[in-house]
Amino acid sequence: SVCAEAYDPDDESDDNSQPQVVNPKTDEQRRRLQDACKDILLFKTLEKEQFSEVLDAMFEVQVKPQDHIIDQGDDGDNFYVIDKGVYDIFVAKDGVSVCVGKYNNKGSFGELALMYNTPRAATIVATEEGTLWGLDRATFHRLIVKNNAKKRRLYEAFIECVPLLNCLELSERMKIVDVLGVRTFNDGDRIIAQTKVNQQDNTEVEVARCSRGQYFGELALVNNKPRAASVYAVGETKCLVIDIQAFERLLGPCMDIMKRNISQYEDQLVALFGSSDDLKL
Ligand code: 1OR
């Protein structure tokens, strides 16, 4: 079984024996593929050359409503990037399959079984016609898993000094490093756009400034509400990013700390504006 392979992110031995996979694509496919992959976090730390090898290896998959792309418990074959379509995520709880989330026309899934040689952790079902880009297990291993060893070396020390993540075990922190992406911004770039409830009042006031080791963007994910504030880069900045599914999967143990900090935002807002209605949980 593939589940018996040991996972060693520091294993540097090169699978050079393995031929490079190339699935030819039309210009139109290539354009769609590049568009679908431009925000995929797992690709964001790859060198240019590795990224183009990934794109070469990917293949198009057409799906129909109710197609099971992945079944929980199976061995992992491919990693998938969404081109279009809505996909439900089901996880079995006490023998009952529960919908725990969905992917809406963007994102990726199927990395866990390939990264850790574990059975598929969830079932993914297409709810409508859609298109996916698949990446085979061997190429995923050769390029993404190998890159994770480098990511761990680069970000291990930094992750250790993020206070929020102190509540996690080392192995849990490393799982965050495995799925995170890196994004850089220039001075003034808008990183998060506030969803404006009241279009009349558009004046923006600086309410806080975050620096190294701090975090932002959690509020909308914790509350399941629109973005309550905009965030702009001050000077050139570099952020480590995780997607909402990984956030929910990995940051549960930090939830109490985040909620406590959110109640402090409320106090700050009341002090500034006399109300914190936009933040109500
Ligand atoms: P995989 O290779 O295990 C199923 O195949 C994929 O579903 C998995 O990789 C992830 O990419 C994706 N827990 C586990 N896997 C998830 C989850 C998830 N969500 C998406 N996947 N949880 C839901 C978080 C919103 C935690 C459920 C308890």
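Along each chain, numbering runs from 1 in the same order as the chain's sequence is written. Totals for whole chains, interfaces and linings use every residue, but because this is a predicted model, local features are given only for residues with pLDDT of at least 70 and side-chain atom pairs only at 80 or more, for both listing and counting. The side-chain numbers reported here are obtained from all heavy atoms of the structure, hydrogens and water having been left aside.

Draft legend 1. Spotlight on the overall build of the protein chain. A count of helices and strands for the protein chain gives eight helices and 12 strands. Throughout, radius of gyration means the C-alpha value; the globule benchmark is 2.2 Å times the number of residues raised to the power 0.38. Relative to the 2.2 N^0.38 estimate, which gives 19 Å for 281 residues, the radius of gyration of the protein chain is 20 Å and therefore close to what a compact globule would have. Counting only C-alpha atoms, the protein chain reaches 65 × 45 × 40 Å along its principal axes. In the protein chain, which comprises 281 residues, the proportion classed as buried is 40%. In this description, contact between two residues means that some pair of their heavy atoms is separated by no more than 4.5 Å. Relative to all contacts within the protein chain whose residues are 6 or more apart in sequence, the contacts with residues 24 or more apart total 78%. Summed over all atoms, the accessible surface of the protein chain reaches about 15,800 Å², with 49% contributed by carbon and sulfur. Charged-residue counts in this description rest on Lys and Arg as positive and Asp and Glu as negative, His and the chain ends being excluded. Each charge is placed at NZ for Lys, CZ for Arg, CG for Asp and CD for Glu. Seen as two clouds, the 34 positive and the 47 negative side-chain charges of the protein chain have centres 3 Å apart. Numbering of helices and strands runs from the N terminus; a helix is a DSSP stretch of H or I covering at least four residues, while a strand is a stretch of E covering at least two. Each residue's exposure class comes from its accessible area (1.4 Å probe, protein chains only) as a fraction of the maximum for that residue type: buried when under 20%, exposed when over 50%, partly exposed otherwise. Methods summary: accessible areas were calculated by the Shrake-Rupley approach with a probe of 1.4 Å, and residue burial reflects only the protein chains presented.

Draft legend 2. Fine view of the sheet that holds strand β3 (residues 78-84). In this description, strands pair whenever DSSP reports at least two bridges between them. Reading across the sheet, the four strands line up as β1-β8-β3-β6 and stay open at both edges, with antiparallel pairing between neighbours. Each edge of the open sheet carries a strand with a single partner, namely β1 (59-63) and β6 (108-109). Two elements, β1 and strand β8 (residues 130-136), share five bridges in a ladder whose sense is antiparallel. Bridging from a neighbouring strand, Gln62 pairs with Thr131 of β8. Each axis is a line fitted through C-alpha atoms, and for a helix only the stretch in contact is used; angles between axes span 0 to 180 degrees, taken between their N-to-C directions. Together, β3 and β8 form the strand contacts of helix α4 (residues 137-160), whose direction differs from that of β8 by roughly 65 degrees.

Draft legend 3. Structural view of the environment of Ser276. Relative to the assigned elements, Ser276 resides in the segment after α8 (255-273). On the basis of relative accessible area, Ser276 is assigned to the buried category, the value being 6%.

Draft legend 4. Representation of the nonpolar core in the model. Counting 46 residues, the largest nonpolar core has Phe43, Met58, Phe79, Val81, Phe140 and Leu165 as the members making the most contacts within it. No other element matches α4, which puts seven residues into this core. Once residues lying within four places of it in the same chain are set aside, the contact partners of Val81 are Ala36, Cys37, Ile40, Phe43, Met58, Gly107, Ser108, Leu132 and Trp133. Ile69, Tyr80, Phe109 and Ala126 belong to the second largest nonpolar core, which has 13 residues in total. Only buried residues count toward a nonpolar core. Its members are Ala, Val, Leu, Ile, Met, Phe, Trp, Tyr and Cys residues joined through side-chain atoms within 4.5 Å.

Draft legend 5. Here's a closer look at the confidence of the model for the protein chain. Here the protein chain averages 91 in pLDDT, and 91% of its residues register 70 or above. For this predicted complex, the interface confidence comes out at an ipTM of 0.99, alongside a pTM of 0.91. As a per-residue measure, pLDDT tells how confident the predictor is, with possible values from 0 to 100.

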